[in-house]
Amino acid sequence: MAKFNRIYTQFADLPNKGKNYCNHFPYINKNPKPIDIMAHFPCEKIQYEGPSSKNPFAFKHYNPEEMVAGKSMKEHLRFAAPYWHVMRNVLADPFGGGTAQMPWDDGSDSVENALARVDVFFEFLDKMGIEYYCWHDRDIAPELNDLSASNAALDQVVAKLKQKQSETGVKLLWGTACLFAHPRYSQGAATSPDANIYAYAGAQVKKALESTKELDGLGYTFWGGREGYSTLLNTNMKRELDHLAAFLHMAVAHADKIGFDGPFYIEPKPREPSTHQYDSDSAACLNFLREYGLMDRFTLNIETNHATLAGHTMEHELTVAANAGKLGSIDANRGDTLIGWDTDQFPTDLYLTTQVMLVVLNTGGFTTGGLNFDAKRRRESHEPIDLIHAHVGGMDTFARGLKIAQAIREDGRLANFVQERYSSFDSNVGATVESGSCTFEELEAHAMAHGEPSLASGRQEMLENLINEFI
């Protein structure tokens with residue numbers, strides 16, 4: 001550890017339970033100087049200047065009040081900032097420690113340090129014009145030497161967050177508990193083989209849910225970072241899934257008890273850190289929710305990079321969720337297909353954001369959910385101002401995706417082609433199939449009467465050309 005002298009890694013000093021183990025948030029760049037937001041983010045509030053602007057500190061496409069399909073851009077997109085990446089991520093990777101300059105952080109696990117970070121975060125939100133945010137309990141407040149002390153620290157930070165929300169009008173999109181980083185959760189939390197750890201996880205979620213309610217959070221997310229297994233040789237999968245379902249039912253019961261009526265989100269991810277995680281993709285999550293009677297209270301929070309790791313496109317994952325009426329919220333980022341882990345890069349691909357917004361618009365838009373930038377700067381983009389550049393780019397890219405998606409919808413050719421492709425199911429034998437009244441005998445009679453069918457082209461290339469017209 002000597003050669004990394006100023007780098008705090010999540011596995012340093014494991015016996016010290018006072019350390020914050022949440023793996024997004026090891027500390028570097030200790031700096032006890034007074035906080036000066038202009039020194040950290042030396043720019044004015046980001047404004048819309050239009051496509052011709054060359055100002056790196058201006059939006060070229062995101063105009064918050066611009067109306068698109070009857071709603072303003074900010075209503076459609078509902079951008080949210082993740083506390084863990086903006087304020088706590090040191091930009092480490094599997095081969096090296098963090099590089100991020102975070103002069104607002106003195107490197108301590110003190111409540112005072114946590115409270116000071118809140119002011120900087122809300123200044124950042126104001127500069128970006130972002131009206132929502134998300135947090136884990138252990139990134140906004142330190143994990144201390146026992147659960148009661150950690151809860152007391154969380155209470156103090158939540159009080160500060162509530163004050164800042166009242167002052168600014170910013171809202172909490174969703175909260176969640178960090179049940180993956182501390183060594184106690186190395187074998188799972190709600191799927192741990194140890195009932196004592198399971199109970200600890202339940203207590204932590206109880207408090208995080210109560211804190212979300214205190215802050216009028218619109219939803220609550222479960223990301224099962226270690227709810228899976230490394231090998232089936234030591235795993236009773238059935239018992240673990242039963243325990244996970246029981247845990248989620250207890251969360252529903254407690255939400256009812258405290259009057260929290262927001263949705264619960266499940267966030268799919270197939271692997272990394274575990275070999276196989278139970279919430280592997282949208283279809284697996286939906287199957288789990290149906291099997292255990294949880295469909296009424298849960299919906300999905302879909303992340304682009306997790307779709308990549310699952311071997312799916314984001315368009316696929318969103319469509320599966322939307323088809324079940326369970327597309328709740330989105331973690332807006334992207335992955336790198338050449339790198340085999342969760343790179344959490346900012347979205348810059350217009351095809352991706354167009355596809356995302358086509359699905360969102362076709363479902364009627366967000367209600368309680370939104371676009372949370374679960375994305376971090378690259379390790380070499382280590383200065384605080386790079387946070388501004390990253391979010392400007394992500395917000396502009398989604399603004400363009402929104403406008404392109406709506407233009408495609410208004411044009412109508414894509415939707416009309418798909419509708420026509422399935423038109424044989426609108427009448428005759430096709431209609432009886434969709435009504436559920438058809439039999440094999442009827443299908444046989446139809447086939448005998450009509451002979452060898454003629455199949456029309458899928459016109460994939462033509463439709464890809466059509467999309468390119470708009471992009």
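For the structure, see preceding data.
We now turn to the structure provided with this report. (Residues numbered from 1 in each chain as written. Predicted model: local features only at pLDDT ≥ 70, side-chain atom pairs only at ≥ 80, totals over all residues. Heavy atoms only, no water.)

Overview of the overall build of the chain
In step 1: Along the backbone of the chain there are 17 helices and 14 strands.
In step 2: Long-range pairs, those at least 24 residues apart, make up 75% of the contacts in the chain with a sequence separation of at least 6.
In step 3: Of the accessible surface of the chain, which amounts to about 21500 Å², a share of 52% is contributed by carbon and sulfur atoms.
In step 4: Across the chain, 44 positive and 62 negative side-chain charges occur, with their mean positions spaced 6 Å apart. (Helix = DSSP H or I, 4+ residues; strand = E, 2+ residues; numbered from the N terminus. Contact = heavy atoms within 4.5 Å. Areas by Shrake-Rupley, 256 points an atom, 1.4 Å probe, with all protein chains shown as cover. Lys, Arg positive; Asp, Glu negative; His and termini not counted. Charge placed at Lys NZ, Arg CZ, Asp CG, Glu CD.)

Topic: empty space enclosed by the protein
In step 1: The final tally for this structure, using the stated rule, is three cavities of 30 Å³ or more.
In step 2: When its volume is computed, the largest cavity comes out at roughly 250 Å³.
In step 3: Lining the largest cavity are 23 residues, with Phe222, Gly224, Glu227, Leu244 and Ile266 sitting closest to its centre.
In step 4: Here the lining of the largest cavity gets four residues from one element, more than from any other, and that element is helix H9 (residues 282-291).
In step 5: Taken together, the residues that form the lining of the largest cavity break down as 16 nonpolar, four polar and three charged.
In step 6: Computed from the structure, the second largest cavity encloses a volume of approximately 50 Å³.
In step 7: Forming the walls of the second largest cavity are Tyr62, Lys74, Arg78, Phe79, Gly129, Ile130, Glu131 and Tyr132. (1 Å grid on protein atoms, 1.4 Å probe; cavity = no way out; pocket = protein on both sides within 12 Å on 5 of 7 lines; lining within 4 Å. Points joined across faces, edges and corners; volume = space filled by probe spheres on them. Nonpolar A, V, L, I, M, F, W, Y, C, P; charged D, E, K, R; others polar.)

Focus on the nonpolar core
In step 1: Core analysis: the largest hydrophobic core is formed by 107 residues, its most contacted members being Tyr133 and Phe222.
In step 2: With 12 residues, the single largest contributor to this core is helix H13 (residues 385-411).
In step 3: Grouped together as the second largest cluster of nonpolar side chains are seven residues, Ala80, Tyr132, Cys134 and Leu173 included. (Core = buried A, V, L, I, M, F, W, Y, C linked by side-chain atoms within 4.5 Å. Buried < 20%, exposed > 50% of the residue type's maximum accessible area, 1.4 Å probe, protein only.)

Looking at unusual backbone geometry
In step 1: For the bond running from Glu272 to Pro273, omega is 20°, close enough to zero to count as cis.
In step 2: Looking at where Pro273 falls in the secondary structure, it is placed in the loop between strand S10 (264-266) and strand S11 (276-277).
In step 3: Of note in this structure, Glu272 is not a glycine but carries a positive phi near 65°.
In step 4: Here Glu272 lies in the loop between S10 and S11.
In step 5: Look at Glu272 and you get partly exposed, because its relative accessible area is 25%.
In step 6: Although it is not a glycine, Arg459 sits at a positive phi angle of roughly 55°.
In step 7: Its place among the elements puts Arg459 in the loop between helix H16 (440-450) and helix H17 (460-470).
In step 8: Its relative accessible area of 44% is what places Arg459 among the partly exposed residues.

With respect to the environment of Gly412
In step 1: Looking at the element boundaries, Gly412 is found in the loop between H13 and helix H14 (413-421).
In step 2: According to the relative accessible area criterion, Gly412 is buried, its value standing at 11%.

Re the side chain of Lys164
In step 1: Locating Lys164 in the fold gives a position in helix H6 (residues 147-168).
In step 2: In this structure Lys164 comes out as buried when scored by relative accessible area, which is 14%.
In step 3: Not counting the four nearest positions on each side in its chain, Lys164 is found in contact with Val118, Asp119 and Phe122.

Considerations on the packing of helix H4 (residues 111-128) against H6
In step 1: Look at H4 against H6: their axes get within 10 Å of each other, and the N-to-C directions meet at 20°. By the angle between their axes, H4 is roughly parallel relative to H6. The crossing of H4 and H6 is right-handed. Residues Val111, Ala114, Leu115, Val118, Asp119 and Phe122 of H4 touch H6, and the partners they reach there are Ala153, Gln156, Val157, Lys160, Leu161, Lys164, Gln165 and Thr168.
In step 2: Tallied by class, the residues present in the contact of H4 with H6 amount to eight nonpolar, three polar and three charged. (Axes fitted to C-alpha atoms, helices over the stretch in contact; angles between N-to-C directions. Parallel < 35°, antiparallel > 145°, perpendicular 65-115°, else oblique. Left-handed = near helix turned anticlockwise from the far one by under 90°.)

Focus on helix H7 (residues 195-214)
In step 1: For H7, with 20 residues, the first-to-last C-alpha span of 29 Å sits near the 28 Å given by 1.5 Å per residue.
In step 2: Considered for burial, the residues of H7 that qualify are Ile197, Tyr198, Ala201, Gln204, Val205, Lys207, Ala208, Leu209, Ser211 and Thr212.
In step 3: Of the residues that open H7, the one with a side-chain oxygen 2.7 Å from the backbone nitrogen of Asn196 is Asp194.
In step 4: Of the residues flanking the end of H7, it is Asp216, one or two places downstream, whose phi is positive at about 55°. (Expected span 1.5 Å × (residues − 1). Polar contact = N/O pair within 3.5 Å; in protein donor to acceptor, adjacent residues only side chain to side chain.)

Regarding the environment of Ala208
In step 1: For Ala208, the position within the fold is in helix H7.
In step 2: According to the relative accessible area criterion, Ala208 is buried, its value standing at 0%.
In step 3: Not counting residues up to four positions away in its chain, the partners in contact with Ala208 are Trp135, Asp137, Thr176, Ala177 and Tyr220.

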